[in-house]
Amino acid sequence: MSKFLTGKLKALKPYTPGEQPKEREYIKLNTNESPFPPSAKAVEYAECEARRLMLYSDPECKELAKTLSESLGVKPSEVILTNGSDEVLNFAFMAYCDESCPAVFANITYGFYKVFAAVNNVPFCEIPLKDDFTIDVDDYVNSHGTVFIANPNAPTGIALGIEKLEKIISSNRDRIVVIDEAYVDFGAESCIPLIRKYDNLLVTGTFSKSRSMAGARLGFGVASEKLIEDLTRIRYSTNPYNVNRMTAAAGVGALLDDAYFKDNCKKIIENREWTKGKLKGLGFEFTDSKANFVFAKHKKIGGKELYEKLKAKGVLIRHFEADKISDYNRITVGSIEEMKTLVDKIKEMLGE
Ligand code: PMP
């Protein structure tokens, strides 16, 4: 850190992304990436667009906004495209949180929320989850701030039903409620149909997980036109070309290949349930994850030990040191071959 960094940023604790090691080949089950390649159509569209990289991208992302809105059943003016959903989440912190309106989120949730609050210099309030890691809906009814809920939650994978979310949204008509649906395609219900009913609702989504495009950095927000206008003001005040040409084109290609997307989601759900069954037989306990990961702890082996031993055997999973979850690991659901290797390595470990 240089002596020139401002005081506010000196204290900032940046988000820690999952490891991306280069020193050896791992089975990577630590960052919730898809085991499947992006759609061939996405690759083809991106390759074609690469020839036009001398030109700036379309700041309005017109074609992508049209294709995405059609696929979501909303109007193009009700979506914003961003550089990963992290960007639209950051915009929401910038737009809707301040001294008089803190960010409100669970104590166990996506770790970036705290960082977004800190980097934007806004206060935040963490609401404890119940002992079973579920949300107490009443904690968010008539909230004193802008609510952020990951649904399914991370790293637990637990999803809230739409009627419970609607209770939260409808009780906060003077506050914004952000529902982060990064993992929604793996078995949870989307709140997007509620955006016409509630002008205080912002739903965020991503192409990183279910559409196998984490490296492209493509996310989106869906909300009433007025909220999209707010977020667009911020986008034009930071980086109007936030979605590059290749990514925008890849996004269109991916959306046109709906069968591939649906098939991959189905496979991940099947692999997740298969993995849960095997892990149960090996003495694990886990939450009812509706995401592309399993959140599991072993009855006898500590979370850190499991993580370290599996790493030594060439399988990377995600361990969090945080209170209450340090016995757990978040294991991304990969291909069935990867999950079989995971199970074999755990069996090997238990026998040692
Ligand atoms: N929300 C949640 C809950 C996540 O786990 C992630 C992925 N780390 C994101 C949002 C952001 O994903 P991306 O920026 O790749 O769209």
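Scoring rules and cut-offs
Residues numbered from 1 in each chain as written. Predicted model: local features only at pLDDT ≥ 70, side-chain atom pairs only at ≥ 80, totals over all residues. Heavy atoms only, no water. Near = heavy atom within 4 Å. Polar contact = N/O pair within 3.5 Å; in protein donor to acceptor, adjacent residues only side chain to side chain. 1 Å grid on protein atoms, 1.4 Å probe; cavity = no way out; pocket = protein on both sides within 12 Å on 5 of 7 lines; lining within 4 Å. Sits in = over half its atoms within 2 Å of the grid points. Helix = DSSP H or I, 4+ residues; strand = E, 2+ residues; numbered from the N terminus. Nonpolar A, V, L, I, M, F, W, Y, C, P; charged D, E, K, R; others polar. Domains from an automatic or database assignment. Contact = heavy atoms within 4.5 Å. Buried area = accessible area lost by both parts, 1.4 Å probe. Salt bridge = Lys/Arg side-chain N within 4 Å of Asp/Glu carboxyl O.

Caption draft 1: View of the site of the ligand. If you check the shell around the ligand, you find 13 residues, and the closest are Asp180, Tyr183, Thr206, Ser208 and Arg217. Contacts to the ligand include Tyr110, whose side-chain N or O atom sits 3.2 Å from a nitrogen atom. Between the ligand and the protein, one listed contact pairs an oxygen atom with a side-chain N or O atom of Tyr183 at 2.6 Å. Among the detected pockets, the ligand sits in the largest pocket. No other element matches helix H4 (residues 84-96), which puts four residues into the shell around the ligand. Split by residue class, the shell around the ligand holds five nonpolar, four polar and four charged.

Caption draft 2: Structural detail: the domain arrangement of the protein chain. Annotation of the protein chain at the domain level lists domain 1 (20-37 + 259-351) and domain 2 (40-256). Distance from the C-alpha centre of domain 1 to the C-alpha centre of domain 2: 26 Å. Every contact between the two is made by 25 residues of domain 1 and, on the other side, 20 residues of domain 2. Where domain 1 abuts domain 2, roughly 1800 Å² becomes buried across the two surfaces, and 65% of that area is made up of carbon and sulfur atoms. At the boundary of domain 1 and domain 2, one finds zero salt bridges. Between the two partners, domain 1 and domain 2, sit six residue pairs in polar contact (both at pLDDT 80 or more).

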